[in-house]
Structure formats: C-alpha cells, structure tokens
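# Analysis of the macromolecular model
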Amino acid sequence: MYTDRYKIAIEGHLDTHLETINSTKDFISIGSSLEAFNLYKFSDTMNIIPAPIQSGAGSTLSRFIGRIPSPVVGTASSHIKDPKIGGELTNLKAIHEYRDSVAKAMLISILDGDSKRTTTIGVGSTASKVSVFFNCLKKVGIGTTDSNLTFRDYSSKPWNNWNDSVGVCTPTSISRSNNVAIVTTTPAHGMTTSFDDWGIIMNLNTGIATSFNISTSSYPNGVPVTIIDADTFSYNNVGINTPTTAVVGIASIQVGWGGTSNDLHTYLT
Amino acid sequence: MTFNWPDIPFSGTEVDAFVVEYKALAQAIIDEYEIDNDKVIIMDKIERYLEEPYRDINFLKELLEGGLLYASFIIKQRSGGTGPGTDFIIGNSPLLNSMSSEQRGAFMRMLGCVFTKDAMAAAFNSSGNLLNGTPRSGLPLALIDEVMNGSPGDPYGNSPNNNNQPPTSFLEDLWNTLIGADDSALSDWTNIGLIMQRIWFSMGNKAAGKIPDFMDNYFNGDGSQVTETSFTPQELADLKAGLQEAFDKGGTIRDPAGSGTQVPRIEQFTPTSQQQFDFDMQAGDTAHIVRTYGSSLELLLGTTIVIKDSSGNITSVHDDYDFIYGFEVDRSDGSSPGEPYTTKQDGAMYLPGWDNGPGLNHSQVNNEIGSGAVEGSAALENFGGAAGRIGRSFIVGGHEQGKGTPFPIKVRF
C-alpha cells in the first residue's frame with residue numbers, strides 16, 4: 001500500500017498538526033515506527049480572497065517554541081509585523097491559508113483565462129503575470145475615486161472573472177437535515193459529475209426558503225455542492241431541520257478549485 | 001535570493017511546463033522587492049496594498065516554495081492523460097482507497113487519538129505528567145483553554161486578536177514555567193493555583209518565584225536555615241529590589257497581625273544586643289521591621305526584618321518562614337528571627353488570646369483568611385486574594401495534619 005508513489009514529500013511537511021483544519025485531515029500512527037499521514041487541500045475550495053494576518057494565542061506560543069519573527073522593515077507603515085507570528089500550533093491554520101493564497105495566486109497568474117479547469121499557460125508577459133499575482137493578494141480598497149485608495153484592480157484578473165456564473169438552475173423544492181441542504185431542480189441542474197468543482201449561490205424568494213440563501217458578500221463565488229443525481233444536489237447549510245418544501249427562486253451555478261480530486265494524500269515515515 | 005524548491009514527484013507535459021513557468025514567475029515576483037543592506041525594503045505599492053502576510057520577502061519566498069507542490073498537483077490532476085479539463089476523474093488521487101472523513105475519525109478514536117478537551121486532558125495525565133503518581137487536576141484543562149484562547153476553534157468563541165496589539169507573554173511564561181518546574185520540589189500541595197501563583201509573581205520578581213520552593217521546604221524540609229546560597233544572583237537582586245520597593249512605598253497599611261489598626265509599612269526599631277550580633281550589625285547600621293504586604297514580596301516574606309548600612313543600603317534580611325495560621329517558630333528563648341531555632345509552636349491564630357478569644361479551630365481559621373481578615377485583606381489590596389488564599393489553605397490543611405516545619409531565613413547581600 002505504501003509504495004514510493006505515495007510518498008510525496010512536502011517541503012516543511014512537519015508543520016502539520018494533529019487537528020482537523022477545515023477539510024484537511026492529519027494523523028500520526030505510532031507503532032513500530034513513526035508514520036505521518038496528511039491530506040492536503042485548499043481550505044477554501046471556492047474563493048480567491050487572500051488570507052489576512054492572524055494573531056492571537058498562538059503568537060506567544062510560536063515565540064516560545066523558537067519561531068522567532070524575522071525583521072520586517074517598512075517605509076511607511078507603523079504596524080507591519082511578521083506574518084509568521086501565527087504560531088506553529090494554534091495558528092498553523094493561518095500558515096496553511098497563507099500558502100493556499102499564494103498557490104492560488106500563482107495558478108491564476110500563470111494559467112489561461114479564468115484559470116479554472118485548465119492547464120494551459122497564459123500568453124501574457126511575465127510583467128503582466130506579476131501584476132496579476134499582486135492583484136490577487138491585495139487588500140480590499142477603501143475607496144474608488146482616488147487611485148491611491150483603490151487597492152484591487154477589479155478590471156483585471158482575478159476579480160474581473162473569477163466569480164462569474166457559468167449558468168443557472170431552478171430549485172423547486174428544498175430540505176435541510178443536520179445542516180445539509182438538499183435541493184431538487186426542475187429541469188435538471190446541468191452540473192455534470194465529470195467535475196467536482198461546482199458551487200452554488202442560492203437565491204430563493206419567500207418564507208423559510210430564504211434561510212437557504214447564500215450571501216455573496218461572504219461567499220462571492222458560492223459554496224461547494226455535492227452532486228446527488230441529475231436533478232438533485234446538496235450543500236452545507238446551517239439551520240434547523242426542515243422537511244421538503246416547495247420553493248421559488250433561482251440558483252447561480254459557479255465553479256471553484258475542485259473537491260476530492262484535489263486531495264493530496266501524503267505519507268511520511 | 002535563491003529558492004529551495006521541493007522535488008515534484010510527478011511529471012507530464014502540462015505539469016512540467018507549469019513548474020518551469022511557476023519558478024520563473026516566482027523569481028520575477030521576488031525581484032519586485034528591493035534588497036538593500038540585507039534589509040528588506042518593501043516597495044510602497046506592496047506595503048500599502050498587499051495583505052500583511054505577503055509583504056515580507058522572506059516569508060513570501062517560503063510560501064512560494066511551499067505552494068509549488070500543491071499547485072503542480074492540481075495541474076497534474078487536471079491534465080489526466082488526454083488533455084486539460086476533459087477527463088477530470090473524480091477520485092483520481094494518489095491514494096484511491098483512502099478512508100472517508102468519518103472512517104478516519106473512527107480509526108483515530110480507536111487508536112486513542114481523541115481530540116476532545118477531556119480526552120486530551122486524560123492523555124496529559126496518563127503517563128509522564130503525573131505528579132507523585134497523582135493527576136495534576138485542572139492543569140491540562142487550564143492549559144488547553146489558554147492555548148485555544150482566541151484561536152480558531154476556541155470553545156469559548158473568543159475571536160482571534162486582529163487589533164495589532166502586542167501579544168502578552170502570559171502563555172509563554174506559563175509554558176516556560178511548566179517546562180522549567182521541578183515537580184519533585186512542588187510536593188503534593190501543588191495545584192494549578194500555586195503554579196499560577198508562581199507564574200504571576202515570577203513575571204515581575206524572580207525572588208517571589210521561589211514561593212513554591214519555600215512552601216515545599218516548609219512541608220518537607222528539616223527546618224534548616226536558608227541563606228543567600230539558596231538564591232541565584234538574579235533572585236538576590238530581585239529580593240533586594242523587592243525590599244527596597246517596600247521602603248519606597250512607605251506609608252501605612254492595615255495591621256497584618258489583625259489589630260484592625262493602621263501600622264507603618266516600615267518601622268525602625270532598636271535591636272537587642274543579641275539581635276545586633278545575630279544581624280551582623282556594624283556601627284551606623286539600622287534595623288527595620290518591613291511589612292511587605294502590597295508589594296511583590298508579600299507572599300514570600302510577609303513581615304520581616306531588614307538591616308541597612310549607614311548609607312541606607314540594604315545589607316541583609318532576617319525572617320522566620322512560619323505562619324500564624326500554621327506553625328510558628330518559638331522565639332521566647334530570646335533568639336533572633338532568621339537564626340536556627342529549637343522549638344516550633346502552633347500559630348497564633350490557634351492560641352488563646354487571638355482576637356481576645358480562646359483561639360480558632362481550622363475551619364474558623366480558613367474562614368478568617370478567606371474572608372478578608374488578617375493577611376487576606378492585605379493580599380487583596382494589590383495582588384488579589386485567590387492565589388494567596390489557595391496557598392494559605394494548604395498551610396492550614398497541613399497544620400491540621402501536623403505538617404509544617406518553619407525555617408529561618410538569613411540572607412546577606
């Protein structure tokens with residue numbers, strides 16, 4: 001089972017930890033030898049928003065275990081601090097998300113079009129790709145009238161096309177059990193099982209149905225879905241258990257980074 | 001700047017091309033940062049516009065290196081065998097027969113890896129973390145709470161601290177204390193309260209950090225005199241500074257002996273001839289009763305005797321480490337505090353005459369020192385009473401069991 005083809009060594013792999021990090025699962029088996037297993041994937045499989053700085057309890061712990069911040073010298077800001085002050089343990093999630101953000105920015109910068117489902121390298125210049133990379137990691141601007149205050153270039157990748165819808169479907173009934181919503185559409189939703197990167201932005205109109213809606217301010221590219229069959233899909237949705245209810249509305253179909261097909265299994269011994 | 005790229009353990013037309021492009025782009029990105037005199041000078045546009053984690057060139061380099069493998073893996077998964085995006089096979093992971101999330105969780109629980117607070121606390125107490133064979137009640141749960149405080153998944157829902165305030169050193173000090181604590185010296189009276197007490201005081205005064213050692217000596221020692229050789233240079237310096245702190249504060253405090261009146265914090269007195277000899281006093285030296293309540297040495301020394309030279313410098317401190325609610329040294333033979341003794345006696349609170357009564361029983365003493373009377377009230381003035389009350393309850397409990405041997409302290413600076 002544990003052949004070399006599974007032994008994919010990740011640089012700095014020891015920064016794994018024994019805790020569920022969103023969808024990432026790690027564990028260590030201690031028998032006659034030490035074995036470490038890891039399942040790596042993007043913590044957010046739909047969106048591209050760069051992870052902001054995080055601090056907290058882990059910051060002191062990180063200093064305790066010797067991960068001393070390296071110096072950062074800014075020219076104007078008075079509050080730049082080392083991003084590694086996240087902590088090896090409690091804020092490992094932050095490190096994970098920073099790495100996700102950079103990997104996503106590189107994929108978006110390098111690949112053609114909206115960078116989804118493709119392996120084709122874009123034809124733009126290196127300078128333009130550098131520009132896209134930085135655009136991916138910029139903060140939200142606080143204004144649009146003064147060019148100095150416009151941080152992100154919303155007319156350029158990734159902000160000009162990442163959240164584009166690829167279609168719509170029409171939910172006709174919906175239910176919720178154990179915080180999982182199941183949606184039936186008429187006609188068929190059209191999401192093929194050849195891909196596992198589908199997402200959805202629900203926009204239902206009335207009554208309790210609105211509790212199933214997805215806020216685009218929180219999830220601009222929707223939330224991932226699991227295809228059940230041609231007419232049915234599910235998505236995680238926190239709320240009270242709700243029997244199957246007829247609904248009126250529309251759902252925008254989105255595409256993200258991918259689901260279990262992007263699970264990178266690793267094994268160290 | 002040279003990248004340390006990880007090996008990519010898979011290949012193919014698409015992924016090979018992607019890796020080449022990735023590395024070239026990474027170098028171009030790093031070139032956007034200017035290096036001057038070994039310091040990273042961040043370009044204005046980067047500093048102002050980017051989220052903070054991506055402004056440090058060194059950290060960005062690590063992230064770029066760390067991101068290559070997974071980005072390449074995604075390309076490999078997408079490329080399949082016949083073309084990009086056309087044969088996206090779900091489940092095309094290196095480990096096809098991997099367990100589901102639920103199966104993995106069940107397997108981990110079967111292995112004993114149960115990441116709940118109670119289970120982790122049980123694991124903490126299961127092997128090497130016992131104290132004299134006894135679980136350290138409360139300690140692991142308190143540690144877990146502290147570690148989780150403000151972190152993702154905090155069971156109390158505290159949000160991560162994003163206010164750019166400098167982190168406190170509390171957790172760091174806590175861990176350092178745990179790592180550095182000598183459990184053999186902490187004895188069976190130790191609990192989280194006293195560990196916290198040690199941390200609390202040791203943060204500001206290393207000498208006060210000796211409270212657990214002194215209490216262990218009180219319970220398990222033979223009453224031998226403690227001198228300056230029992231202190232490190234730093235502890236001695238902090239001990240002296242703590243005494244000077246009391247002199248600097250001056251003024252009056254509520255009488256820790258329970259009279260209900262105000263008494264001077266510092267009170268010069270004329271020593272007897274025997275005391276002058278025992279205190280090594282020279283011409284011009286002065287002797288002072290120092291009540292350290294409300295200062296950093298409060299729970300270490302309480303009321304003590306300090307000798308100053310003619311220039312006002314503190315030269316020595318003399319004390320008996322005893323308790324009016326435990327055992328006290330009997331100095332009725334005329335011997336001086338801080339000198340070896342021959343007899344110990346019940347503390348004053350248990351003796352007739354205390355508060356003009358017949359003396360208190362242990363329950364009454366516990367009520368007294370826990371309700372703001374005597375030293376408890378002094379402790380509440382500054383340091384809060386919890387740690388002190390916990391420590392005192394051990395002294396009372398020890399007395400009830402006949403445990404406790406006072407010892408003299410004579411420290412010359």
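None of the values given here were measured: they were computed from a predicted structure.

Another point: the overall build of chain B. The number of helices and strands found in chain B is 15 helices and twelve strands. Taking all 413 residues of chain B together, 49% fall into the buried category. Accessible surface computed for chain B: about 18,800 Å², of which carbon and sulfur atoms make up 50%.

Residues and elements named next belong to chain A. The sheet built from four strands is open, its strands ordered S3-S11-S6-S7 with antiparallel pairing. Each edge of the open sheet is held by one strand with a lone partner, namely strand S3 (167–169) and strand S7 (223–224). Bridge count between strand S6 (residues 198–204) and S7: two bridges; the pairing is antiparallel. Counted as the bridge partner of Gly199 is Pro224 from S7.

With that settled, the discussion passes to helix H3 (residues 57–79) of chain B. Residues and elements named next belong to chain B. Across its 23 residues, H3 extends 32 Å between first and last C-alpha, which sits within 8% of the 33 Å expected from 1.5 Å per residue. Where H3 bends most, the angle comes to about 35°, and this point is Leu68. Just downstream of H3 lies Gly80, where phi reads positive at about 50°.

Attention shifts here to unusual backbone geometry. Most peptide bonds adopt trans geometry, and most residues besides glycine take a negative phi value. Cis rather than trans, the peptide bond between Lys157 of chain A and Pro158 of chain A has omega equal to 0°. With respect to the secondary-structure elements, Pro158 of chain A resides in the loop between helix H3 (126–136) and S3. With an omega of 0°, the peptide bond between Thr186 of chain A and Pro187 of chain A qualifies as cis. The residue Pro187 of chain A is located in the loop between strand S5 (180–185) and S6 in this model. The backbone of Arg117 of chain A sits at a positive phi, close to 60°, despite the residue not being glycine. Summarising the element assignment, Arg117 of chain A is placed in the loop between helix H2 (92–110) and H3. Even without a glycine there, the phi angle at Asp280 of chain B is positive, about 55°. For Asp280 of chain B, the position within the fold is in the loop between helix H11 (273–278) and strand S7 (286–291). On the accessibility criterion, Asp280 of chain B (35% relative accessible area) is partly exposed.

All names here are of chain B. By the definition in use, this model includes ten salt bridges over all chains. The closest approach of N and O atoms between Arg291 and Glu267, which form a salt bridge, is 3.1 Å. Here Arg291, found in strand S7, pairs with Glu267, found in strand S6 (residues 266–269); they are 24 residues apart in sequence, far enough to count as distant. Of the residues examined, Glu267 reaches a relative accessible area of 31% and is grouped as partly exposed. Two residues, Arg412 and Asp280, come together in a salt bridge whose shortest N-O distance is 3.5 Å. Pair noted here: Arg412 is in strand S12 (residues 407–412) and Asp280 is in the loop between H11 and S7, with a separation of 132 residues, a long-range link.

This part covers the pairing of strand S9 (residues 232–236) of chain A. Buried residues dominate S9 of chain A, accounting for four of its five residues. With antiparallel pairing between neighbouring strands as the criterion, strand S8 (residues 226–229) of chain A and S9 of chain A make up a hairpin whose turn holds two residues.

Another point: the sheet that holds S6 of chain B. All names here are of chain B. Ordered in space as S3-S12-S9-S8-S7-S6, the six strands form an open sheet in which the pairing is mixed. Two strands close off the open sheet at either side, each with one partner strand: strand S3 (226–227) and S6. In this sheet, strand S9 (residues 314–321) lies alongside strand S8 (residues 303–308) in antiparallel orientation, the contact comprising four bridges. When the sheet's bridge partners are listed, Ile305 is paired in S9 with His318.

Take the confidence of the model for chain B next. Residue and element names in this part refer to chain B. When pLDDT is averaged across chain B, the result is 71; 58% of the residues are at 70 or more. Under a pLDDT of 50 for its full length, residues 81–99 has, in the predicted model, 51 contacts with residues more than four places off or in other chains. Contacts for the low-pLDDT stretch residues 370–387, under 50 throughout, to residues beyond four places or in other chains number 39 contacts. Scoring of the predicted complex yields 0.49 for pTM and 0.80 for ipTM.

Reading the values: rules and limits
Residues numbered from 1 in each chain as written. Chains lettered and ligands numbered in written order. Predicted model: local features only at pLDDT ≥ 70, side-chain atom pairs only at ≥ 80, totals over all residues. Heavy atoms only, no water. Helix = DSSP H or I, 4+ residues; strand = E, 2+ residues; numbered from the N terminus. Buried < 20%, exposed > 50% of the residue type's maximum accessible area, 1.4 Å probe, protein only. Areas by Shrake-Rupley, 256 points an atom, 1.4 Å probe, with all protein chains shown as cover. Pairing = 2+ DSSP bridges. Expected span 1.5 Å × (residues − 1). Bend = angle between axes of the 7 residues up to and from the residue. Salt bridge = Lys/Arg side-chain N within 4 Å of Asp/Glu carboxyl O. pLDDT = per-residue confidence, 0-100. Contact = heavy atoms within 4.5 Å.

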